[in-house]
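# Summary of the model geometry
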Amino acid sequence: MAKLLDKQRYKCALGAMQSVQAIERALPILHSGPGCAQKLSEQIGSSGYFSPNIFPCTSINEKDVVFGGVKKLNSTIEKSLKVIDADMYVVLTGCIPEIVGDDSGEVVSRFNEEEKPVLYVPTAGFKGNNYKGHEQVVDSIIDQFLEKSEEKEAGLVNIWADVPYQDLFWLGNLRELENLVRELGLKPNTIFGYKRGIENIKKIPKAQFNLLVSPWVGLSNVKKMERKLGIPYLHLKTLPIGATETSKFLREVGEFAGVSKEKIESVIKENEDYYYYLIERYADLFLENRVINKQFSVIADAQYSLGITKFLVNDIGLIPAKQFVVDDTPKKYRKEIEEEFKNLNYGIKAEASFETDGYLIHEEIKKHDYHGYPLILGGYYEKELTEDLKGNFLNISWPVQDKVVFDSSYVGYRGGIKLLEDIYTVAVQRFN
Amino acid sequence: MSYKIAIGSSDGVNIDLKFGEVSEFLIYEVEGINYKLIEKRKRAFKENNAVSGDTFESSCDSGCCKNGNRKKCQGPKDITSTIEVIKDCRCILCKKVGFQAQKQFEKKLITVFDIEYPINQALKRIVFYYNSIDNNRSWHL
């Protein structure tokens, strides 16, 4: 019997078109039915050089299903190359051409001799969600555009984290990770965001190593790069939020990169001194039991669930209730991520559930005894539930409806402070 | 369940006429995956001021567009009366079908395939396609 999924937290694989949009001057060309781009794009923050509403699309209809959409795809790519000025053209396929059997890869290969690169990414909606689609986009860039480079640039580090547009804080997070790596004296290289387009993609093979900061998204990419481009990788599962995790992050990255111990410790000390100066000033607020909740639940993708849990337990001293990872993590990664949730200070172990159905998540939250008001950090779907339970709610994961974020971030020392500000702002609002 | 397909062709071998050019539609009847030509139907009438090409001039003579009343638009008489002639068909195959005509076909739930193939090749494809979806079988090229 068919199952219903209530309040899902991800989009279909074609949502990865926004990963392409995040690469400056890369253009997604969609081979799908009409309207896919408009439905899959974020409501706010999606405009720019080319917005999803005007992505070139083959808009296939019944005639193309019966007779094949290959001709239409060919002419769409050809005309896009003529009319649109971009550095890289990425063809993404939707559900219909893949079900029907269009050989889109063959059509794209006809453009191999063109001046600008034309890539092909099979992102049929039924193949997975947009987290997998994002990995697929990076895979295609590695397979079809990058070549192994004998010359390596010392200190150059490729940073892979976050999924653009799916996470509201993607731009700020990537920039903050770059800043942290730069403080260690290394040269960070990312491909998403402002002024980091195809030039940075070309630098990828020259890196000393790949830095993956994510529980599982991107793991297959760095493994592939190790095989094809000969670049070693360092996989850190936790997104560093707050002092405990960020200092750990700096130590691990520094050691892997061969940065001297003195340098690492001096960077950490400088940052921690300021961080704890800020915390000290508000110690009276933290110690007031009436203001803050005792237990919390995070309902977000693996990255935030894990990162925020560690921050709230290790840095702030809250107790974790059940945490929910809602990005449909592939089964082969779940065990390790569960183990990571148990890796907290003071012997505290958090329990993680990989539930994607919103109704079941809400039922679990309602059943649990939070020993006071619950602190819920999740998607906008959780707002009403938290109000019913008289808890404190912060909207941090998709869908985000009640805040506008340009380039602020929750990563690093500054990120931990900002998360504290946001949580306690909600807490004192209710107090008043 | 059998159904009919209308084709615009000048020689009975290729689909080579635009909708506006067709004077006689070839009507095929389809049963399962077999089809045969059963009749030829003349289009209703040809206006004297018809322009060469795929669509007729917008000779809407009821003046209803003045009120922006798009829902009630019956379309140019030439097109609607021609569609009347083949209204029992499931789809129509022509080299090109103009936008106005397409809209009127949509209203009568007749699918428009504006393609240019030999008749047999096109029919084989369409018949195989309809057979799959009518019997809930998976479809692929």
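Refer to the structure printed above.
Values in this document were obtained by computation on a predicted structure and should not be read as measured data.

### So, the overall build of chain A
Along the backbone of chain A there are 18 helices and 13 strands. A compact globule built from 432 residues would reach a C-alpha radius of gyration of about 22 Å, and chain A, at 22 Å, matches this within 12%. Dimensions of chain A along its principal axes, counting C-alpha atoms only, are 70 × 55 × 35 Å. Counting every position in chain A, which comprises 432 residues, the buried fraction comes to 59%. Residue pairs in contact within chain A that sit at least 24 positions apart in sequence constitute 73% of those at least 6 positions apart. Only carbon and sulfur atoms are counted for the fraction: they give 50% of the accessible area of chain A, which is about 19,000 Å². Here chain A contributes 54 positive and 62 negative side-chain charges, whose respective centroids are spaced 1 Å apart.

### Here's the deal with the sheet that holds strand 4 (residues 156–160) of chain A
Residue and element names in this part refer to chain A. An order of 5-4-6-7 is seen for the four strands of this open sheet, with the pairing classed as parallel. The open sheet has two free edges, formed respectively by strand 5 (187–189) and strand 7 (233–236), since each of these has just one partner strand. Mean inter-strand twist for the sheet, computed between neighbouring axes without regard to direction, equals 25°. Bridging between strand 4 and strand 6 (residues 209–213) involves four bridges; their strand directions are parallel.

### Quick look at the sheet that holds strand 3 (residues 118–122) of chain A
Backbone-to-backbone hydrogen bonds join strands into a sheet, with any given pair of strands oriented parallel or antiparallel. All names here are of chain A. The sheet built from three strands is open, its strands ordered 1-2-3 with parallel pairing. Where the open sheet ends on each side, the last strands, each with one partner, are strand 1 (26–31) and strand 3. Averaged over all neighbouring strand pairs, the angle between strand axes comes to 25°, with direction disregarded. Strand contacts of helix 7 (residues 130–144): strand 2 (88–93) and strand 3, with the helix running at about 140° to strand 3, the strand carrying the most contacts.

### Quick notes on helix 10 (residues 219–229) of chain A
Side chains of residues three or four places apart in an α-helix project in the same direction, reflecting 3.6 residues per turn. Residue and element names in this part refer to chain A. For helix 10, every residue scored as buried is listed here: Leu219, Asn221, Val222, Lys224, Met225 and Leu229. Buried positions along helix 10 lie against helix 7, strand 4, strand 6, strand 7 and helix 15 (331–341). Immediately downstream of helix 10, the backbone of glycine 230 shows phi near 65°, a positive value.

### Section: the environment of Glu106(A)
Structurally, the position occupied by Glu106(A) is in helix 6 (residues 104–109). Judged by relative accessible area, which is 36%, Glu106(A) ranks as partly exposed.

Each value, and the rule that gives it
- Numbers given for residues are sequential positions, taken from 1 along each chain in its written order.
- For this description, chains carry letters from A and ligands carry numbers from 1, given in the order in which they are written.
- Local features are withheld for residues below a pLDDT of 70 in this predicted model, meaning they are given only at 70 or higher, and side-chain atom pairs are given and counted only at 80 or more; totals for whole chains, interfaces and linings count all residues.
- Based on all heavy atoms of the structure, the side-chain values leave hydrogens and waters out of the count.
- Elements are defined by DSSP. Helices are runs of H or I of four residues or more, strands are runs of E of two residues or more, and each kind is numbered from the N terminus.
- The size measure is the radius of gyration over C-alpha atoms, and the globule rule it meets is 2.2 Å times the number of residues to the 0.38 power.
- A simple rule labels every residue: compare its accessible area, found with a 1.4 Å probe on the protein chains alone, to the largest value its type can have, and call it buried under 20%, exposed over 50%, or partly exposed in between.
- By definition, residues are in contact when any of their heavy atoms lie within 4.5 Å.
- Values of accessible area rely on a 1.4 Å probe in the Shrake-Rupley scheme; residue burial ignores everything except the protein chains shown.
- A residue counts as positive if it is Lys or Arg and as negative if it is Asp or Glu; His and the chain ends are not included.
- For this purpose, a charge sits on NZ of Lys, CZ of Arg, CG of Asp or CD of Glu.
- Two strands qualify as a pair provided DSSP detects at least 2 bridges between them.
- All axes are obtained by fitting lines to C-alpha atoms, using only the stretch in contact for helices, and the reported angles, taken between N-to-C directions, cover 0 to 180 degrees.

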